[in-house]
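# Geometric and topological summary
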Amino acid sequence: MTRDEFTTIAGNGLWKQNTALAQLLGLCPLLAVSTNIVNGVMLSLATIIVMALANVAVAMLRNLIPHEIRIPVFILIVAALVTVVDLLFNAQLHELYVVLGIFIPLIVTNCIVLARVEAFAAKNPPLNATVDGIFMGLGLLWTLAVLGAMRELLGSGTLFGGIDMVFPGLAPIQVLPESYPGFLLGLLPPGAFILLGCMIAWKNWMDARAAERARRQAPPPVAPAEAAGV
């Protein structure tokens, strides 16, 4: 893998083709689990593990899988990996496992995982596919973390609620006064839709601003007459 390939894959995963803000994939867990930072980050980590391992497995077997049955084979690979992650969460982080509930097994049908396996891993070498899976997952992670932080802060005035389920002994950070009554909409699905829409609008504004800046910095085109004279 060249440096340019790594930069392209990383940029696509983190920003340009961000699964939540650009492709709008996996919105079900995105909106349901992002009630706080901890839930969003931990589900994202589970997704990163599955995506990275599924991508490298498919990339290594891509020449052996018949084209006609590739989708069922991809699903079987992803399902096996999700089962392992599900059992590990249940054994090591049982309280968090209960909170995340069905959304860990549902990684099997997550459009993010299947889309990258089909669109990238099945057509690229194992190393490139692994890096793509990691950075696509990291793009989902920072999106869920930011969305979870905004919802948690608006809804309860705290950050890192439920951190004791991952690191016993730690407590949430009380950002707003304890008398803060909370804003229920921030914790409900409509609030998640509104905040996600704001994040998408912010990304589109940043992209438009970058494109305008690049257009202004681009050298002016050379006129045909001037080119002939030279």
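Residues numbered from 1 in each chain as written. Predicted model: local features only at pLDDT ≥ 70, side-chain atom pairs only at ≥ 80, totals over all residues. Heavy atoms only, no water.

## Remarks on the UniProt feature "transmembrane region" (unreviewed entry) in the protein
Sequence positions flagged by UniProt for "transmembrane region" (unreviewed entry) are, in local numbering, residues 45-65, 71-89, 96-117, 129-150, 157-176 and 182-202. With 100% helix and 0% strand, residues 71-89 has its two end C-alpha atoms placed 27 Å apart. When the span residues 129-150 is considered, its composition is 100% helix and 0% strand, and the gap between its end C-alpha atoms is 32 Å. (UniProt positions renumbered as here; feature names shortened; annotations may be inferred. Helix = DSSP H or I, 4+ residues; strand = E, 2+ residues; numbered from the N terminus.)

## Remarks on the pattern of salt bridges
Going through the model one piece at a time under the given rule, you end up with five salt bridges. Between aspartate 207 and lysine 203 there is a salt bridge whose closest N-O contact spans 2.7 Å. Separated by four residues within a single helix, aspartate 207 and lysine 203 lie in helix H8 (residues 189-217), roughly one turn from each other. For aspartate 207, a relative accessible area of 28% translates into the label partly exposed. For glutamate 212, the salt bridge goes to arginine 216, with nearest N and O atoms at 3.1 Å. A residue pair is termed a helical-turn pair when its members lie 3 or 4 positions apart in one helix, as glutamate 212 and arginine 216 do in helix H8 at four residues. By relative accessible area, which is 29% here, glutamate 212 ends up partly exposed. The structure contains a network of salt bridges with shared partners spanning Glu212, Arg215 and Arg216. (Salt bridge = Lys/Arg side-chain N within 4 Å of Asp/Glu carboxyl O. Buried < 20%, exposed > 50% of the residue type's maximum accessible area, 1.4 Å probe, protein only.)

## Focus: the state of the cysteines
Applying the stated criterion to the full structure yields zero disulfides. Cysteine 111 takes part in no disulfide bond, and the closest cysteine sulfur, belonging to cysteine 28, lies 10.0 Å away. Here cysteine 111 falls in the partly exposed class, since its relative accessible area comes to 44%. (Disulfide = S-S within 2.5 Å.)

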